[in-house]
Amino acid sequence: MWGADACVSLGLAAIRTSKIRLGTMLTPPSRRRPWELASQVATVDRVSTGRVTLSVGLGATNSGFETFGEECDRKVRSELMDECLDIMCGLWAGQPFGYSGTHYTVQSTEFPTLGNTVQQPRVPIWCVGALGRDKSMRRALRWDGIIPQVMDPDAEGGVRQPHLDEVAALRAEIAAHPDTSDSFDVVVEGQWTDHSPSAYRDAGATWWIESMWSAMSEHSPVAAAYDRLMQGPPS
């Protein structure tokens with residue numbers, strides 16, 4: 001959705017902090033030009049001395065993007081995301097880089113760029129994965145972490161967060177996957193007043209994202225987020 005730019009905001013946060021991880025929740029690459037997103041994320045990585053994580057997914061179709069003529073077909077957005085991530089990683093590795101895909105073509109060039117990212121071999125990428133959906137899971141397991149979601153027609157919007165037993169089963173699946181490392185992240189979001197972050201940790205989650213979507217409708221969502229930050233982590 002158009003509005004406050006995420007990477008500009010993260011860049012400002014980077015120069016005011018020294019320890020916290022920075023990232024989006026989340027970025028839909030199908031809405032972005034790969035070379036521009038690669039440059040923006042690499043800039044935040046440089047400014048933060050290697051503290052940024054890029055979270056990606058298809059993005060909600062009901063976010064108003066149709067109004068701007070953006071692609072809303074799920075299959076096409078999946079293709080655009082895959083190609084965007086491939087191009088970004090190629091550009092982060094340095095020039096010359098060329099690419100030929102269904103939607104994007106990049107001619108090999110010696111054009112000067114930012115060069116390598118601070119984090120090597122690249123910025124960590126977390127990807128949304130729909131549990132039980134083979135294509136979605138294969139995509140997510142290519143990267144450094146998964147934001148698991150469950151397609152559920154009875155849930156609001158048809159999607160819900162995984163239950164504890166589903167996270168435990170996912171962790172077992174990750175352990176059995178030949179291409180994932182021990183440091184592969186499982187990222188769960190929610191509100192600590194409704195769920196137990198420690199229970200999700202015990203089930204195999206490595207990150208808890210305190211979700212405050214309801215604050216977007218408040219008079220000052222930034223103030224609401226600051227108030228929550230001042231409460232500290234759940235006991």
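Residues numbered from 1 in each chain as written. Predicted model: local features only at pLDDT ≥ 70, side-chain atom pairs only at ≥ 80, totals over all residues. Heavy atoms only, no water.

Chemist: Looking at this structure, I do not really get the pattern of salt bridges. What am I missing?
Modeler: Opposite charge on two side chains makes pairing possible when the charged atoms of those side chains draw close. The tally for this structure, following the rule as stated, stands at seven salt bridges. Here Glu-79 ties to Lys-75 by a salt bridge, and the two come within 2.7 Å at their closest N and O atoms. Here the residue Glu-79 and the residue Lys-75 both occupy positions in helix α3 (residues 74–92), the gap between them amounting to four residues, near one helical turn. Judged by its relative accessible area of 26%, Glu-79 falls in the partly exposed class. Of the charged contacts, one joins Asp-202 and Arg-201 as a salt bridge, the two residues approaching to 3.3 Å between their closest N and O atoms. When its relative accessible area of 60% is taken as the criterion, Asp-202 is described as exposed. Among the residues examined, Arg-201 registers a relative accessible area of 53% and is labelled exposed. Within this structure, Asp-152, Arg-160 and Glu-166 form a network of salt bridges that share partners. (Salt bridge = Lys/Arg side-chain N within 4 Å of Asp/Glu carboxyl O. Helix = DSSP H or I, 4+ residues; strand = E, 2+ residues; numbered from the N terminus. Buried < 20%, exposed > 50% of the residue type's maximum accessible area, 1.4 Å probe, protein only.)

Chemist: Which parts of the structure should I look at to understand the pairing of strand β9 (residues 207–210)?
Modeler: Consecutive side chains of a regular strand alternate in pointing toward one face of the sheet and then the other. Relative to β9, strand β8 (residues 185–190) runs parallel, the two being bridged by four bridges. Opposite Val-187, over in β9, you have Trp-207 as the bridge partner. (Pairing = 2+ DSSP bridges.)

Chemist: Could you clarify how one ought to interpret the nonpolar core in this entry?
Modeler: Generally speaking, nonpolar side chains in soluble globular proteins are found buried as a group. Membership of the largest hydrophobic core comes to 44 residues, with the highest contact counts inside it found for Val-41, Met-88, Trp-92, Ile-146 and Val-186. At nine residues, the largest contribution of residues to this core is made by α3. Excluding its chain neighbours within four sequence positions, the residues that come into contact with Met-88 are Pro-34, Leu-37, Ala-38, Val-41 and Leu-54. (Core = buried A, V, L, I, M, F, W, Y, C linked by side-chain atoms within 4.5 Å. Contact = heavy atoms within 4.5 Å.)

Chemist: What is the right way to look at the packing of aromatic side chains in this model?
Modeler: Aromatic ring pairs: the centre-centre distance and the angle between the two ring planes describe each pair. Here the structure, examined in full by the defined rule, presents four aromatic pairs. When the ring of Trp-35 is compared with that of Tyr-104, the centres are 5.8 Å apart and the planes differ by 85 degrees; the resulting orientation is edge-to-face. Highlighted residues: Trp-35 in helix α2 (residues 34–47) and Tyr-104 in the loop between β3 (99–100) and β4 (105–106), separated in sequence by 69 residues. Judged by its relative accessible area of 13%, Tyr-104 is buried. (Phe/Tyr/Trp six-rings, centres within 6.5 Å; stacked < 30°, edge-to-face > 60°.)

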